[in-house]
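Structural overview
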Amino acid sequence: AAQATIGVYQREPVIARLWSVGERLMAGVPELGGYPVHPHLPGEGAWESTSRVTNEVARRGILMHPAGLNPMYAHTYADVDRTIQVLRGVLDARV
């Protein structure tokens with residue numbers, strides 16, 4: 001399995017795609033910090049606050065770990081745009 005995965009990384013632009021997906025996420029949700037390959041909600045500080053955001057995002061159909069988002073090669077731009085829409089809605093509702 002490892003050799004097959006390495007082969008995909010050698011043949012396809014996996015790393016570039018991960019950065020592209022993450023950059024799109026971060027452009028759509030400027031509150032995100034970190035790196036495009038692992039954006040997160042900085043400044044949330046308290047676990048409870050971050051958990052409230054991730055729980056509401058999950059209620060709206062997007063799974064997000066409190067430690068941050070994990071862009072994947074399989075994510076489409078439609079997936080990213082939906083994530084932006086949901087996360088943006090949750091964050092804007094808090095204001």
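Residues numbered from 1 in each chain as written. Predicted model: local features only at pLDDT ≥ 70, side-chain atom pairs only at ≥ 80, totals over all residues. Heavy atoms only, no water.

Time to look at the packing of helix α2 (residues 14–28) against helix α4 (residues 77–93). Their axes nearest at 9 Å, the elements α2 and α4 cross at an angle of 30 degrees. Relative to α4, α2 is oriented roughly parallel. In the crossing of α2 with α4, the sense of the turn from one axis to the other is right-handed. Between α2 and α4, the residues in contact are Arg17, Ser20, Val21, Arg24, Leu25 and Gly28 and Tyr77, Val80, Asp81, Thr83, Ile84 and Arg88, respectively. Looking at the contact of α2 with α4 residue by residue, the class counts come to 5 nonpolar, 3 polar and 4 charged. (Axes fitted to C-alpha atoms, helices over the stretch in contact; angles between N-to-C directions. Helix = DSSP H or I, 4+ residues; strand = E, 2+ residues; numbered from the N terminus. Parallel < 35°, antiparallel > 145°, perpendicular 65-115°, else oblique. Left-handed = near helix turned anticlockwise from the far one by under 90°. Contact = heavy atoms within 4.5 Å. Nonpolar A, V, L, I, M, F, W, Y, C, P; charged D, E, K, R; others polar.)

This part is about α4. The end-to-end C-alpha distance of α4 is 24 Å, a good match for the 24 Å that 17 residues give at a rise of 1.5 Å each. Of all the residues in α4, the buried ones are Val80, Thr83, Ile84, Val86, Leu87, Arg88, Val90 and Leu91. (Expected span 1.5 Å × (residues − 1). Buried < 20%, exposed > 50% of the residue type's maximum accessible area, 1.4 Å probe, protein only.)

Once that is clear, we can look at the packing of aromatic side chains. According to the stated counting rule, one finds 0 aromatic pairs in the structure shown. One residue, Arg17, lies across the ring of Tyr77, its end atom 4.3 Å from the ring centre. (Phe/Tyr/Trp six-rings, centres within 6.5 Å; stacked < 30°, edge-to-face > 60°. Lys NZ or Arg CZ within 6 Å of the ring centre and 35° of its normal.)

With that out of the way, let us pick up the confidence of the model for the protein. Put simply, the protein has an average pLDDT of 90, and 93% of its residues get 70 or more. Per-element confidence in the protein ranges from a low mean pLDDT of 83 for helix α3 (residues 47–59) to a high of 96 for α2. (pLDDT = per-residue confidence, 0-100.)

What follows concerns the pattern of salt bridges. This structure, assessed with the given rule, holds 5 salt bridges. For the salt bridge of Glu56 with Arg60, the shortest nitrogen-to-oxygen distance reads 2.8 Å. Across the pair Arg88 and Asp92 runs a salt bridge whose closest N-O atoms are separated by 2.9 Å. You can see Arg88 and its partner Asp92 sitting in helix α4, 4 residues apart, about one turn around the helix. Through salt bridges with shared partners, a single network forms among Glu31, Arg88 and Asp92. (Salt bridge = Lys/Arg side-chain N within 4 Å of Asp/Glu carboxyl O.)

Further remarks concern the nonpolar core. Membership of the largest hydrophobic core comes to 17 residues, with the highest contact counts inside it found for Leu32, Val53, Val57 and Leu87. Taken together, the elements giving at least two residues each to this core come down to α2, α3 and α4. Top element by residues in this core is α4. It accounts for 6 residues. Residues within four places of Leu32 in sequence aside, it is in contact with Leu25, Met26, Pro39, His40, Leu41, Pro42, Leu69 and Leu87. (Core = buried A, V, L, I, M, F, W, Y, C linked by side-chain atoms within 4.5 Å.)

With respect to the helices and strands, the residue Gly89 is situated in helix α4. For the pair Gly89 and Arg60, spaced 29 residues apart in sequence, the C-alpha to C-alpha distance is 9.7 Å.

Our next topic: a nonpolar patch on the surface. On the surface, a nonpolar cluster with roughly 510 Å² of combined accessible area is contributed by Tyr9, Ile15, Trp19, Tyr35 and Val37. Looking at the element boundaries, Ile15 is found in helix α2. Accessibility expressed as a relative area gives 46% for Ile15, which makes it partly exposed. (Patch = residues over 30% accessible without salt bridge, like charges linked within 9 Å, V, L, I, M, F, W, Y side chains within 5 Å. Areas by Shrake-Rupley, 256 points an atom, 1.4 Å probe, with all protein chains shown as cover.)

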